[in-house]
Each structure stands twice: as structure tokens, then as C-alpha cells.
Amino acid sequence: MSTKAIDRKRIERAVREILLAIGEDPEREGLRETPRRVAEMYEDILGGVREDGYELIRASLFTEKHSELVLLRGISFFSICEHHLLPFMGVAHIAYIAKGQIVGLSTILRAFSQLCRQPQIQERLTWQMADMMYDTLKPHGVAVVLEARHLCMELIGVKKPGTIVTTSALRGIFHKNEGSRQELFKLIQGRDKVV
Ligand SMILES: [Zn+2]
């Protein structure tokens, strides 16, 4: 894990350059603090590059006989598209069937958020999360499904507001066994309110 801090001053200089490049005056009142604010924002939303989700999960594993499905359904998330540095956001569904080892649910969420907080594409975010859980927990199976809207698809280029992109990564039993896969997707799609 890298401990080197994000270079805020460098981001500030770059943002100032962008303001100058679009013909703005970075010294006017409304913009004077903008480079600092943007630098703090990037530190927050892209700081995951400097963390290690594998380490996080490995440090929190514990032994448990449980070997049934664990599904975290409808996790709100956002990440940053690496092509445009614009957000994509939506819901994630993360499931696994344990094989002797489990991990705290909040650790799964923290590890996922570490992957979200870096320049990403939705496809890679999906398989990286699946692989991270598969390699650390060594479970019977892992499934990660993301449904997201991309600001870059809505604001620029094709301009298609409301398009939802779904990606999935299936490992182990969810990949091999049709029945397990169907049961999982039924549970994910069952949008009935439970709380
Ligand atoms: Zn994009």
C-alpha cells in the first residue's frame, strides 16, 4: 500500500491552468478557491488508488462454517470514468457463497469503495471486485452486478440521458452452475421492499 499523499498543490496548479485555458480569470472571487476545492475533491473521490482492498479483506477474514449465499443488494455507488473524469453512478449487487471463510459486510463495502475511488471503467470495476473477493475469500462462488448511468454518455457525445449500463462478473459456481446463477438473479431482481 502506498502511503504517499496525493499531490494537492499539483492538482491546484492544473485546475488553475484549465480555468486560464477556457478564458476565465482564476483570481475572480467565485473562482479563487476553486483549485483548492477541486484538489480536495479529487483527493476524496480518487484516493482509492493508494489503498489496497486485498489487504483490507485479508486482514478481516474469519473462519465460519456458513456456506450459504450472502448477497448485498442495491448498494449505491459512484465512480469516475477514466476517459472523461466524469462520474458514473448506480447500484451494485455483490454476492458470494462462502467456503469456510467469511468477511465482515462493511469490509466488503470498504473494499468496493476503494476500487470505486480511482479512475475506472464500469467493466473493469465489476471484474476487479469479483476477482478481489474470489482470490481472498476463496469461496464457492462470487457474483458482482453493476447497474449505472454515465454522465459522459448523458452530457457529451451520444447524449443519451437515462441509459443504464449493466455489467456482471461471475466466478466459481455462479459461472459454472445455471441453477445457482438463476437463483441469484431472481434474488437481485426481486425488488420487493424488505425494510
Ligand atoms: Zn466517460
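Residues numbered from 1 in each chain as written. Predicted model: local features only at pLDDT ≥ 70, side-chain atom pairs only at ≥ 80, totals over all residues.

A few points about the nonpolar core
Among the nonpolar cores identified, the biggest contains 33 residues, and F112, M129, M133, V142, A143 and V144 are the most heavily contacted of them. The set of elements that each furnish at least two residues to this core consists of β3 (86-97), β4 (101-103), α5 (105-116), α6 (122-137), β6 (141-150), β7 (165-172) and α8 (173-176). (Core = buried A, V, L, I, M, F, W, Y, C linked by C-beta atoms within 7 Å. Buried ≥ 20, exposed ≤ 12 C-beta atoms within 10 Å, placed from the backbone. Helix = DSSP H or I, 4+ residues; strand = E, 2+ residues; numbered from the N terminus.)

Quick look at the domain arrangement of the chain
Domain boundaries assigned for the chain yield domain 1 (8-48) and domain 2 (60-189). Just the C-alpha atoms count here: the centres of domain 1 and domain 2 sit 32 Å apart. Contacts between the two partners involve 4 residues from domain 1, matched on the other side by 8 residues from domain 2. Residue classes in the side of domain 1 that touches domain 2 are distributed as 2 nonpolar, 2 polar and no charged. (Domains from an automatic or database assignment. Contact = placed C-beta atoms within 7 Å. Nonpolar A, V, L, I, M, F, W, Y, C, P; charged D, E, K, R; others polar.)

Remarks on the environment of E123
As for its placement among the helices and strands, E123 is situated in helix α6. Taking the C-beta count within 10 Å as the criterion, E123 has 13 such neighbours and is therefore assigned partly exposed. Put simply, E123 and T167 are 44 residues apart on the chain and 6.2 Å apart in space, counted from C-alpha to C-alpha.

Details of the packing of helix α1 (residues 8-21) against helix α3 (residues 34-46)
One way to put it is that α1 packs onto α3 with a least axis distance of 8 Å and a crossing angle of 125°. In terms of axis orientation, α1 runs oblique to α3. For the pair α1 and α3, the sense of crossing is right-handed. Of the residues in α3, those touching α1 at R8, I11, E12, V15, R16 and L19 are T34, P35, R36, V38, A39, Y42 and E43. (Axes fitted to C-alpha atoms, helices over the stretch in contact; angles between N-to-C directions. Parallel < 35°, antiparallel > 145°, perpendicular 65-115°, else oblique. Left-handed = near helix turned anticlockwise from the far one by under 90°.)

Brief notes about the pairing of strand β2 (residues 69-81)
Within a regular beta strand, the side chains point alternately toward one face of the sheet and then the other, so they alternate between its two faces. With 11 bridges connecting them, β2 and β3 associate as antiparallel partners. Looking at the pairing, C81 lines up with L86 of β3. From the end of β2 to the start of β3, which pair antiparallel, there are 4 residues, and L85 there has a positive phi angle of about 55°. For β2 and strand β5 (residues 119-120), the ladder comprises 2 bridges, and the chain directions are parallel. Across the sheet, the residue bridging to C81 is Q120, located in β5. (Pairing = 2+ DSSP bridges.)

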